[in-house]
Amino acid sequence: VKKSKPTNESFLPTLNMTFLEGSERAVKWEYDPYATTAQWTCTATLVKVEPVPFAEGAFRKAYHTQDLSKPNESGRYVSKISKKPTARGSYFEDVRMQMIAKKWADKYNALKPPKKIEFLQSCVLEFVDRTSSDLVCGAEPYVEGQYRKYNNNSGFVSNDERNTPQSFSHFTYEHSNRQLLIIDIQGVGDHYTDPQIHTYDGVGFGIGNLGQKGFEKFLDTHKCNAICQYLNLQSINPKSEKSDCGTVPRPDLIFPDTSIERD
Ligand code: ADP
Ligand code: ZN
């Protein structure tokens, strides 16, 4: 690998990075959901983004990326770039959403569930040397393993027998006093990324915030499991199972004769 010095020394005044061929300068924006002021901070870094994506979803392409400011860690990142022209602000909104989800994951873990979860620490990268297209992207650590989607914002629930991701969504709804719901749980194992937050008032968190409609889609399809019970969450029954129960709770009657119709 050919090494040379960064062209602009003043950009990297204190960082002692190795300039790899093909690397470029970037400003890295991070959001701290625990901070009361100055939630956004930025640092200068050097990154090397592979020119060809290794994966893509419906909306974005994913590129292997090396963050050269992390010489002691693997520095392996994924940069995600929208296929359609996207406002700079929406990359920031996505990072903010993921970091707020991270805070909720901490709350969830505090209840000592069988499996701890985490949202990847994401950031916005602004490529300062580029003059056209893709001046900004979202980035986060690369996670090895099978990437799976556990649920989504239109009521999809995967049938992979995983309880934790579904219970986490239910947990956020209950513990926010039904003011928000974190959905679109996906990632590798219990390392999650790219969540969506629905809010009661439908305000903020991008166009994916379906508000109370989003709540309903979840409530229609979520089936409570052993972890929901462990967390003492108020039970949710999918519509299909609710329909023959009526609205009045049935008392615990004792029927002496099994031939008696109960309903
Ligand atoms: P979209 O926003 O279009 O749905 P995704 O966020 O799903 O795009 O990203 C596209 C693909 O990139 C994913 O399906 C997955 O294969 C891969 N990917 C995304 N994030 C990571 C990550 N942190 N580590 C490894 N692979 C990832
Ligand atoms: Zn539940």
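We now turn to the structure provided with this report.

The rules behind the values
Residues numbered from 1 in each chain as written. Chains lettered and ligands numbered in written order. Predicted model: local features only at pLDDT ≥ 70, side-chain atom pairs only at ≥ 80, totals over all residues. Heavy atoms only, no water. Core = buried A, V, L, I, M, F, W, Y, C linked by side-chain atoms within 4.5 Å. Buried < 20%, exposed > 50% of the residue type's maximum accessible area, 1.4 Å probe, protein only. Helix = DSSP H or I, 4+ residues; strand = E, 2+ residues; numbered from the N terminus. Donors = N, O, S within 2.8 Å, 3.2 Å for Na, K, Ca; no water. Tetrahedral: all angles 85-135°; square planar, octahedral: opposite > 155°, others 65-115°. Polar contact = N/O pair within 3.5 Å; in protein donor to acceptor, adjacent residues only side chain to side chain. Contact = heavy atoms within 4.5 Å. Axes fitted to C-alpha atoms, helices over the stretch in contact; angles between N-to-C directions. Parallel < 35°, antiparallel > 145°, perpendicular 65-115°, else oblique. 1 Å grid on protein atoms, 1.4 Å probe; cavity = no way out; pocket = protein on both sides within 12 Å on 5 of 7 lines; lining within 4 Å. Points joined across faces, edges and corners; volume = space filled by probe spheres on them. Salt bridge = Lys/Arg side-chain N within 4 Å of Asp/Glu carboxyl O.

## What about the nonpolar core?
Ranked by internal contacts, the top residues of the largest apolar core, which has 39 residues, are Phe 119, Leu 125, Phe 168 and Ile 182. Residue contributions to this core peak at 10 residues, all from helix α1 (residues 88-110). Of all hydrophobic cores here, the second largest spans 6 residues; its members include Tyr 173, Phe 215, Phe 218 and Ile 236.

## So, the coordination of the zinc ion (ligand 2)
Around the zinc ion (ligand 2), the donor atoms from the protein are His 170 (ND1), His 222 (NE2), Cys 224 (SG) and Cys 228 (SG), and they sit 2.0 to 2.5 Å away. Coordination at the zinc ion (ligand 2) is tetrahedral: its 4 donor atoms span angles of 100 to 116 degrees at the metal. Going along the chain, you hit the donors of the zinc ion (ligand 2) in the pattern H-x51-H-x1-C-x3-C.

## Comments concerning the side chain of Arg 162
Note that Arg 162 resides in the loop between β9 (147-149) and α2 (164-175). Here Asp 190 takes part through its side chain, which lies 2.9 Å from a polar atom of the side chain of Arg 162. Setting aside its immediate chain neighbours within four residues, Arg 162 contacts Lys 115, Arg 148, Tyr 150, Gly 189 and Asp 190.

## So, the packing of α1 against α2
Look at α1 against α2: their axes get within 10 Å of each other, and the N-to-C directions meet at 95 degrees. Classed by the angle they form, the pair α1 and α2 counts as roughly perpendicular. Counted together, Ala 101, Trp 104, Ala 105, Lys 107 and Tyr 108 of α1 and Thr 164, Ser 167, Phe 168, Phe 171, Thr 172 and His 175 of α2 form the full contact between these two elements.

## Some remarks on the layout of surface pockets
Taken as a whole, the largest pocket encloses approximately 1,400 Å³ of empty space. Lining of the largest pocket is provided by 48 residues; of these, Phe 59, Arg 60, Lys 80, Asp 94 and Asp 194 occupy positions nearest its centre. Mapped onto the lining of the largest pocket, the elements with two or more residues apiece are β3 (55-56), β4 (60-67), β5 (76-82), α1, β8 (136-141), β9, β11 (186-188) and β12 (191-193). Considering every element that reaches the lining of the largest pocket, the biggest residue donor is α1, with 7 residues.

## So, the pattern of salt bridges
If you walk through the whole model with that rule in mind, you get 14 salt bridges. Glu 93 serves as the salt-bridge partner of Arg 96, at 3.3 Å between the closest nitrogen and oxygen. With a gap of 3 residues between them, Arg 96 and Glu 93 both fall in helix α1, about one helical turn apart. Take Glu 93: its relative accessible area is 23%, and that puts it in the partly exposed class. For Lys 149, the salt bridge is made with Asp 184, and the minimal N-O distance between the two is 3.4 Å. In this pair, Lys 149 is assigned in strand β9 and Asp 184 in the loop between β10 (180-183) and β11, connecting sequence segments 35 residues apart. Exposure remark for Asp 184: the relative accessible area of 12% places this residue in the buried category.

## Digging into empty space enclosed by the protein
In this approach the atoms are scanned with a rolling probe the size of a water molecule, which exposes any empty space left behind. Overall, the coordinates contain 1 cavity of 30 Å³ or more when judged by the stated rule. Together, Asn 151, Asn 152, Gly 155, Phe 156, Val 157, Gln 166, Ile 183, Phe 218, Thr 221 and His 222 line the largest cavity.

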